[in-house]
Amino acid sequence: PALLDAIAAEAAARVRDFKPQGLANTTWAYATAQHAAPALLDAIAAEAAARVRDFKPQELANMAWAYATAQHAAPALLDAIAAEAAPRVRDFTPQGLANTAWAYATAQHAAPALLDAIAAEAVPRVRDFKPQNLANTAWAYATAQHAAPALLDAIAAEAAPRVRDFTPQGLANTAWAYATAQHAAPALLDAIAAEAAPRVRNFTPQGLANTTWAYATAQHAAPALLDAIAAEAAARVRDFKPQELGSTAWAYAAADHSSCELLFGSSAFVAHCEATQAAFPPEALCQLHQWQLWVEERSAPWPRLPLPLAERCHAAFVAEEGRPSRLQRQVVAALKALGHEPREEVRTPQGYSLDAVVRISSREVAIEVDGPSHFVGRTHAPTGATALKRRQLRAAGWALVAVPYWQWNALDAAGQRELLLRELRNALRNANQ
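I will try to describe carefully the structure that is included in this document. Just so it is clear, the model here is predicted, and its values are computed rather than measured.

What follows deals with the overall build of the protein. Looking only at helices and strands, the protein has 22 helices and 4 strands in total. By principal-axis analysis of the C-alpha atoms, the protein measures approximately 80 × 55 × 40 Å. Looking at the protein residue by residue over its 433 residues, the buried ones come to 55%. Across the protein, the fraction of contacts at a sequence separation of at least 24, relative to all contacts at a separation of at least 6, is 72%. With the model as given, the accessible surface of the protein reaches about 20,000 Å², and the carbon-plus-sulfur share is 52%.

What follows is the structure in structure tokens.
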């Protein structure tokens, strides 16, 4: 540390005398050593931003990776690297492509042109990517929320037969990435599930939580994997952080996977939630609320959340106000044209917000308007969150109409009204059975 401090102090004033490779190597070194040198990194960033044209592709990739790894903000440098790198991605190695995409995602620095260029370049070269590069690239595009369907298809096809070579973190990150991107990859998820189940002991608590969340969100059945994770998590539940507790509980509820007696049947899970409740973020409280609804839905003889914590979870769940979408307003207008008087953004006793509610005879019917974010990519399969909400509303006795965007948009006004009439009749008939 004393040497690195001395080099940093001396180098910061002399960065103009460094060659591009020296700037890149120095930054990479401090990031790799996890040695803080903010003044040096600021000086290098300012010097490098003006000289990116002189950097080789590997040096550009290393610079971006280093600043992301060091968690050191350098927006002007990242902008300069992105502009310089985008037209030169053909000269990047597979690891350079992966590291660069990972860096911009990790730094949360928007670079759409660069990510488009990397995706186009990577697709025909995925065979040359190492397993870690495949996992990191998928993770990067999901984290950056940057659509790259051709790249994700190519990575899925390449990764599926090579999952044995993935680290546990790579398996977890890959599953998480495809679920987060809402990109269907059933063969890959099957392969990851088969590989991960006997290796769950090597997963971190976050890896266990993220993997379970991924399969539940993608609504991809993996009973053996979920059983293995439940058994492993039960033995290590005290190592789970609040967000991991919430994600895991929510995932089993969304998957409606009841073979998890080891995890939820004893008092350990609820006791750890209670002990760490002060650190629970709102999202995790909401997830715990839905888990408790699931426990009640199944009449499972498992310990419940203590009342004060349950009330906090409910309060977090109802805190978010609904924002009617354009599609929702169209559906409400069509309901009015049919003679109904819909109420919008209705809150149920469970805490769910309904897009609209109409009364037919003596029965109230809930209408949920589901846009693209409610479905897994280009499929018509609902996400785990959507499926869970629908199931819990019906379990609570609601007659429910779900209006998918792809059905609605394919019809003219008359067809849309006919769709609503038909679905309202079906919902009432199903609810009365």
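Strand β4 (residues 399–404) sits mainly inside the fold: 6 of its 6 residues count as buried. Every second residue of β4 is oriented toward a common face, with A399, V401 and V403 on one face and L400, A402 and P404 on the other, all of them buried. Pairing analysis gives 6 bridges linking strand β3 (residues 363–370) to β4, with the strands arranged parallel. By the bridge assignment, A366 is partnered in β4 with L400. Viewed along the sheet, the connection from β3 through helix α20 (residues 384–395) into β4 turns out right-handed.

Turning our attention to the packing of helix α19 (residues 326–337) against helix α22 (residues 413–432). In the contact formed by α19 and α22, the axes pass within 10 Å of each other and the chain directions differ by 80°. Classified by the interaxial angle, the pair formed by α19 and α22 is roughly perpendicular. Where α19 abuts α22, its residues V331, A334, L335 and A337 lie against R417, L420 and L424. Of the residues contributing to the contact of α19 with α22, the split by class is 6 nonpolar, no polar and 1 charged.

Take the environment of I155 next. With respect to the secondary-structure elements, I155 resides in helix α9 (residues 149–159). For I155, a relative accessible area of 1% translates into the label buried. Placed 202 residues apart in sequence, I155 and V357 show a C-alpha to C-alpha distance of 43 Å. Not counting chain neighbours up to four residues away, the residues in contact with I155 comprise V126, L134, T137, A138 and Y178.

With that settled, the discussion passes to unusual backbone geometry. In this structure, Q219 is a non-glycine residue whose phi angle is positive, near 50°. Mapped onto the fold, Q219 is located in the loop between α12 (205–217) and α13 (223–235). Located in the positive-phi region is D256, a residue other than glycine, with phi close to 55°. Checked against the element boundaries, D256 lands in the loop between α14 (242–255) and α15 (261–264). Relative accessible area serves as the criterion here: at 30%, D256 is assigned to the partly exposed category.

Looking now at the packing of aromatic side chains. A full pass over the atoms with the stated rule returns 10 aromatic pairs. Measuring from centroid to centroid gives 5.6 Å for F264 and W302, while their planes differ by 40°, and the two rings are tilted. Of this pair, F264 sits in helix α15 while W302 sits in the loop between α17 (282–298) and α18 (307–319); the two residues are 38 residues apart in sequence, bridging distant segments of the chain. A relative accessible area of 1% means that F264 is categorised as buried. Ring geometry for F375 against W406: centres 6.4 Å apart, planes inclined by 70°, an arrangement best described as edge-to-face. With F375 in the loop between β3 and α20 and W406 in helix α21 (residues 405–408), this pair connects stretches of sequence that are 31 residues apart. Counting every residue linked through ring pairs, the aromatic cluster contains Y252, F264, F269, W291, W294 and W302.

Once that is clear, we can look at the packing of helix α4 (residues 57–69) against helix α6 (residues 94–106). Close contact between α4 and α6 brings their axes to 8 Å; oriented N to C, the two are set at 35°. Here α4 runs over α6; the crossing is left-handed. In this structure, α4 uses A61, A64, W65, A68 and T69 to contact α6, whose residues at the interface are G96, N99, T100, W102, A103, Y104 and T106. Among the residues forming the contact of α4 with α6, the class breakdown is 7 nonpolar, 5 polar and no charged.

Next up on the list: the pattern of salt bridges. Here the structure, examined in full by the defined rule, presents 15 salt bridges. A salt bridge links E297 to R391; its shortest N-O distance comes to 3.0 Å. With E297 in helix α17 and R391 in helix α20, this pair connects stretches of sequence that are 94 residues apart. Residue class for R391 comes out partly exposed when judged on its relative accessible area of 21%.

We now examine the nonpolar core. It is characteristic of soluble globular proteins that their nonpolar side chains tend to be buried jointly. Of all hydrophobic cores here, the largest spans 139 residues; its most connected members are F269 and W291. Beyond its immediate stretch of four places on either side in the chain, W291 contacts A249, A253, F264, F269, V270, P303 and L305. Grouped together as the second largest cluster of nonpolar side chains are 19 residues, A334, V365, L419 and L424 included.

Now for the side chain of Q290. Note on placement: Q290 falls in helix α17. Given a relative accessible area of 10%, Q290 falls into the buried group. Polar contacts involving the side chain of Q290 include one to the side chain of Y352, which spans 2.8 Å.

Scoring rules and cut-offs
- Residues numbered from 1 in each chain as written.
- Predicted model: local features only at pLDDT ≥ 70, side-chain atom pairs only at ≥ 80, totals over all residues.
- Heavy atoms only, no water.
- Helix = DSSP H or I, 4+ residues; strand = E, 2+ residues; numbered from the N terminus.
- Buried < 20%, exposed > 50% of the residue type's maximum accessible area, 1.4 Å probe, protein only.
- Contact = heavy atoms within 4.5 Å.
- Areas by Shrake-Rupley, 256 points an atom, 1.4 Å probe, with all protein chains shown as cover.
- Pairing = 2+ DSSP bridges.
- Right-handed = clockwise from strand over helix to strand, strands pointing away.
- Axes fitted to C-alpha atoms, helices over the stretch in contact; angles between N-to-C directions.
- Parallel < 35°, antiparallel > 145°, perpendicular 65-115°, else oblique.
- Nonpolar A, V, L, I, M, F, W, Y, C, P; charged D, E, K, R; others polar.
- Phe/Tyr/Trp six-rings, centres within 6.5 Å; stacked < 30°, edge-to-face > 60°.
- Left-handed = near helix turned anticlockwise from the far one by under 90°.
- Salt bridge = Lys/Arg side-chain N within 4 Å of Asp/Glu carboxyl O.
- Core = buried A, V, L, I, M, F, W, Y, C linked by side-chain atoms within 4.5 Å.
- Polar contact = N/O pair within 3.5 Å; in protein donor to acceptor, adjacent residues only side chain to side chain.

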